Amino acid sequence: MPKVVLASGSASLALTGGVTEFEVEATNFRRLILELEKCFPGLGTQVEESMAVAIDGEIYQDAYGAVLRPGSEIVLIPKIGGG
Amino acid sequence: MSKSHVTTTINGEAAEFLCETQQTMLDVLRDVVGLTGSKEGCASGDCGACSILVDGTLVCSCLMLGVEAEGKSITTIEGIAQGDQLHPIQQKFLEHAALQCGFCTPGLIVATKALLDENPNPTEIEARYWLAGNLCRCTGYDKVIRAVMDAAAVMRGETV
Amino acid sequence: MNYINSDLKVVGTRPVRPDGVDKVTGRAVFSADTRASGMLWGKILRSPHAHARIVSIDTSKAEALKGVYAVITSADFPNIASEEAFVGEGPMNFRDLSCNIMARGKVLYEGHALAAVAAVTPAVAEQALALIAVQYDVLPHVIDVDDAMKDGAPVLHDDMFTAGVNPKPTKASNIAKVVTFKKGDIDAGFAEAEVIFEDSYTTKPVHQAYIEPHACLANYNADGQVTIHASSQGHFMVRAYTAKLLGLDMANIRVNPAEIGGGFGGKTLIYLEPVAVALSRKAGKPVKMQMSREDVFRGSGPTSGASVTVKLGAKKDGTIVAAQQVLKFQAGAFAGSPIGPGCMCGFAMYDIPNVDVLGYDVVSNRPKVAAYRAPGAPISSFAVECAVDDLARKLGMDPLVLREKNAVVNGSKTHYGVSHTNIGFTQVLAATRAHPHWKAPLAEGHGRGLAVGFWFNIGGESSATVHINEDGTVMVATGSPDIGGSRASMGMMTAEVLGVPVSKVRTIVADTASIGFTFLTGGSRVTFATGMAVTQAAEKVVEQLKARAAQTWDIPVDAVEWQDGKAVPAGTNAGAFEPLDLAAIAAKQGRTGGPINAEVSVNAQGAGAGFGAHICDVAVDKETGKVEIVRYTAIQDVGKAIHPSYVEGQIQGGAVQGIGWALSEEYIYNDKGQMDNPGFLDYRCPVASDLPMIEAVLVEVPNPRHPFGARGVGEVPIVPPMAAISNAIKGAIGLRMPDLPMSPPKVRAAIDAAG
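Residues numbered from 1 in each chain as written. Chains lettered and ligands numbered in written order. Predicted model: local features only at pLDDT ≥ 70, side-chain atom pairs only at ≥ 80, totals over all residues. Heavy atoms only, no water.

All names here are of chain C. Segmentation of chain C into domains returns domain 1 (20-27 + 459-604), domain 2 (34-139 + 212-261 + 267-299) and domain 3 (306-457 + 608-754). A straight line from the C-alpha centre of domain 2 to that of domain 3 covers 36 Å. In this assembly, 20 residues from domain 2 lie in contact with 23 residues from domain 3. In this assembly, domain 2 packs against domain 3 so that about 1,800 Å² is buried in total across both faces, 61% of it on carbon and sulfur atoms. Our count for the contact surface shared by domain 2 and domain 3 stands at zero salt bridges. Taken together, domain 2 and domain 3 are joined by six residue pairs in polar contact (both at pLDDT 80 or more). Elements supplying a minimum of two residues to the side of domain 2 that touches domain 3: helix 3 (94-101) and helix 9 (293-299). (Domains from an automatic or database assignment. Contact = heavy atoms within 4.5 Å. Buried area = accessible area lost by both parts, 1.4 Å probe. Salt bridge = Lys/Arg side-chain N within 4 Å of Asp/Glu carboxyl O. Polar contact = N/O pair within 3.5 Å; in protein donor to acceptor, adjacent residues only side chain to side chain. Helix = DSSP H or I, 4+ residues; strand = E, 2+ residues; numbered from the N terminus.)

Pasting the structure below:
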């Protein structure tokens with residue numbers, strides 16, 4: 001199963017009760033969000049609205065279709081904008 | 001409030017306009033005459049985006065009253081090219097990519113014209129100090145100065 | 001398709017930009033150059049107080065003035081609920097945005113808008129503003145970030161409870177959010193360290209200082225249809241936010257993108273447009289608004305000022321084993337400084353096993369910050385890159401060697417959890433070492449500084465169309481405002497794919513009704529994301545061109561190839577046909593199936609991060625404290641330069657904005673919380689005579705996610721300059737200048753204090 005890592009200690013940690021690493025059964029980014037919401041109510045919504053994910057090192061923003069592999073490492077980080 | 005009648009020359013053509021006495025030349029050009037190439041960046045004479053030539057002298061049109069144009073010869077950015085023939089300064093700004101957003105460009109080109117009319121062979125330092133009254137936030141001035149120096153060389157007939 | 005290793009004919013050359021002649025002749029139409037029949041002029045009343053309750057606003061006298069058609073306050077806007085949206089630099093709350101463009105209940109900074117009028121002339125509008133009677137209950141204010149965090153500081157929002165701390169605080173404060181990033185074991189890291197260096201730094205808010213003030217022209221028709229001409233970094237953003245703030249349907253709003261006179265992040269949100277629309281609705285006439293320069297300084301931008309501490313621990317051989325940073329960022333009057341990226345970027349260049357970063361997002365009585373080139377990164381990196389330099393001194397190491405030793409490579413895992421992929425930092429450092437500037441002897445009394453920088457760059461949603469005209473020339477339309485030459489680069493990529501000269505391709509920026517959604521021009525995304533859409537659209541056109549040729553020759557489409565702008569038979573088996581060029585196929589497009597065109601929309605991922613290194617030589621006048629930049633070199637991985645001149649221009653311009661941030665730019669407040677320098681005379685941007693040539697060195701490590709290998713370039717160059725200059729000053733006079741700007745009085749005071 002892909003492993004999810006919370007890098008930022010901002011509001012998301014409150015939603016996971018302090019858990020920073022866990023595994024989620026998902027093969028794409030959309031399923032991941034749904035599963036996160038199921039495990040930690042509020043986290044899926046937060047990820048969708050204000051966070052980006054790094055899947056095996058590469059940053060994705062709001063891409064439901066991004067593919068997750070069984071050993072993928074998914075890091076949740078604040079969404080990136082720019083000037 | 002009665003308006004003042006002003007008779008002047010703009011870009012080589014005889015021109016007349018009515019303006020309020022407190023209206024700046026920049027506002028007159030943009031809102032009365034309809035020449036919007038001169039830009040307002042600060043309205044306080046600090047950015048140079050509204051630069052024009054008055055009897056050949058470089059002026060921030062935001063610091064000049066419209067009524068002061070009476071009897072003068074005004075050159076704006078719209079009067080720099082000769083018909084469809086770009087002025088060498090304009091051509092060199094294009095070739096050197098000396099503009100990004102292009103908002104300060106009219107002022108820079110008019111100011112450069114004034115520089116090269118007065119000093120056809122400026123050093124880089126002289127060009128930098130002459131153009132110190134024209135703010136550009138995009139380019140860091142590097143390509144602007146290269147364009148100015150190259151235009152000067154072309155106008156002296158040294159290169160094409 | 002991927003063209004990274006192809007023989008390119010157009011991409012990488014330096015043609016004149018297609019909008020160039022308009023811009024050198026004064027014909028380009030910027031927002032303030034637009035007019036409408038029967039137009040009124042709108043003006044905004046702004047608060048003279050830094051913090052006050054609005055007791056009452058009496059607009060009756062203003063409304064009675066001849067020539068005044070509308071006066072509005074926050075009562076004319078829907079009181080919308082709190083809702084997060086994603087703006088240029090991070091999440092932004094629509095309720096805050098609404099309260100920022102028109103104060104509701106309280107004014108939170110000097111310059112905060114609280115009423116607006118529309119009148120026949122600007123002069124009448126000004127007179128009307130003076131007739132609006134506002135009764136204020138002036139409240140204590142707070143400007144400085146450290147002061148705003150103190151117990152007992154005046155609290156701006158009584159419903160702000162610090163997010164990111166557990167349990168949720170019970171008392172309201174000015175700290176909107178706390179962010180932490182941790183990697184490894186920081187205590188163990190420092191215990192292992194043989195040399196430790198620690199220092200504190202401050203930076204001042206600086207304005208993006210685009211030369212074109214915000215401006216717009218809005219018309220609200222009797223049937224509810226709205227047209228807006230506006231200069232912004234994203235006309236779809238203007239449409240979305242205006243719709244949201246006024247409760248309108250997007251289909252009823254059409255935004256025409258005017259030419260934009262600079263933005264640098266500061267035009268990724270709106271100030272005037274909903275106000276102009278509301279005025280137009282009330283007046284029944286089009287309304288034009290433009291900010292004065294003073295309005296721009298007091299009421300828009302800037303970026304955060306900050307207070308930062310850095311602690312580094314290293315082994316004697318220079319291996320950095322522990323790094324800690326605390327960042328306190330001013331958000332302005334509403335939550336939302338770029339604290340997240342600030343926390344992520346400082347140490348993103350280094351592979352450090354134990355990292356601990358703590359960030360605070362803090363409100364105070366200043367204008368709400370807006371994105372500014374690589375938001376957050378320059379502040380964070382200024383502190384880190386000064387500390388790394390001082391650590392090198394303490395270790396007795398060359399500052400470049402120390403950076404090389406600890407630099408991230410592909411696969412290095414950052415403290416925010418992301419592993420770097422497809423980066424070119426190694427190549428940037430190699431180019432730095434090889435550059436003649438790095439090896440050049442230093443003149444007597446001069447100092448040389450080095451600093452490196454990082455920015456993520458983004459992708460996102462973009463739409464593009466490519467149309468083939470009947471004569472074989474080509475039109476390209478995108479939804480990305482052209483802020484620095486993107487029409488040129490879009491046209492060049494199209495020309496390359498189609499195999500035609502760039503002069504046969506014309507690019508426009510299409511309005512919100514004429515092209516699919518496109519996210520704003522920001523995050524260094526246009527060449528990457530919109531470039532991807534343009535390239536794919538051109539490729540779809542090539543497929544159609546091949547099909548039309550196949551039809552003409554009556555052979556299978558897979559027997560046709562597209563080479564150098566011509567359809568040719570694929571090998572001798574396909575048959576012997578004379579090549580058909582674009583013009584020949586276009587001439588018969590009606591007979592072969594109708595117009596040839598393609599529209600492509602993408603949500604581009606994999607933007608490819610950027611790294612840069614800047615070398616700076618300074619001379620310090622010990623009498624006056626003035627710092628002169630003697631030589632400046634900026635080296636950067638740009639992926640692939642589509643139009644190298646505009647890539648260099650981005651780097652040169654970004655570096656010079658950084659030089660201004662380093663040496664002369666700052667918001668200066670008096671004790672009433674009012675800005676004392678809201679003009680270009682006293683807010684000192686760099687001018688031509690302050691600077692030498694800025695040498696931009698393009699390192700090209702292709703980004704495999706882009707068809708031509710491009711990665712964003714516009715933001716990285718503002719990250720290194722402040723530290724590079726502080727490090728150079730230290731080299732010249734032996735003193736660390738940890739507080740920006742390093743202006744003459746400060747440098748002189750430091751010299752005096754050192755004796």
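On we go from here.
Let us now look at the packing of aromatic side chains. Residues and elements named next belong to chain C. Evaluation of the coordinates by the stated rule reveals 18 aromatic pairs over all chains. Taken together, a centroid distance of 4.8 Å and an interplanar angle of 45° make the contact between Phe297 and Tyr683 tilted. Of this pair, Phe297 sits in helix 9 while Tyr683 sits in the loop between helix 18 (644-663) and strand 28 (694-699), placing them 386 residues apart in sequence. Each of the two residues, Phe297 as well as Tyr683, counts as buried. Their ring planes at 50° and their centres at 5.2 Å tell us that Phe454 and Phe611 sit as a pair that is tilted. Of this pair, Phe454 sits in strand 18 (residues 446-455) while Phe611 sits in strand 26 (residues 610-620), placing them 157 residues apart in sequence. Grouping residues by exposure puts Phe454 and Phe611 together as buried. Sitting over the face of the ring of Phe190, Lys311 holds its NZ or CZ atom 4.4 Å from the ring centroid. (Phe/Tyr/Trp six-rings, centres within 6.5 Å; stacked < 30°, edge-to-face > 60°. Buried < 20%, exposed > 50% of the residue type's maximum accessible area, 1.4 Å probe, protein only. Lys NZ or Arg CZ within 6 Å of the ring centre and 35° of its normal.)

The next thing to look at is the interface of chain B and chain C. Interface size is commonly expressed as the accessible area that is lost once the parts come together. Facing the 42 residues of chain B at the interface are 53 residues of chain C. Applying the counting rule to chain B against chain C returns five salt bridges. Across the pair Arg30 of chain B and Asp33 of chain C runs a salt bridge, and its minimum N-O distance is 2.7 Å. Scanning the region where chain B abuts chain C turns up 21 residue pairs in polar contact (both at pLDDT 80 or more). Elements with a minimum of two residues in the side of chain B that touches chain C: helix 1 (25-33), helix 2 (88-95), helix 3 (105-118), helix 4 (124-130) and helix 5 (142-155) of chain B. Considered class by class, the residues forming the side of chain B that touches chain C number 20 nonpolar, nine polar and 13 charged. (Nonpolar A, V, L, I, M, F, W, Y, C, P; charged D, E, K, R; others polar.)

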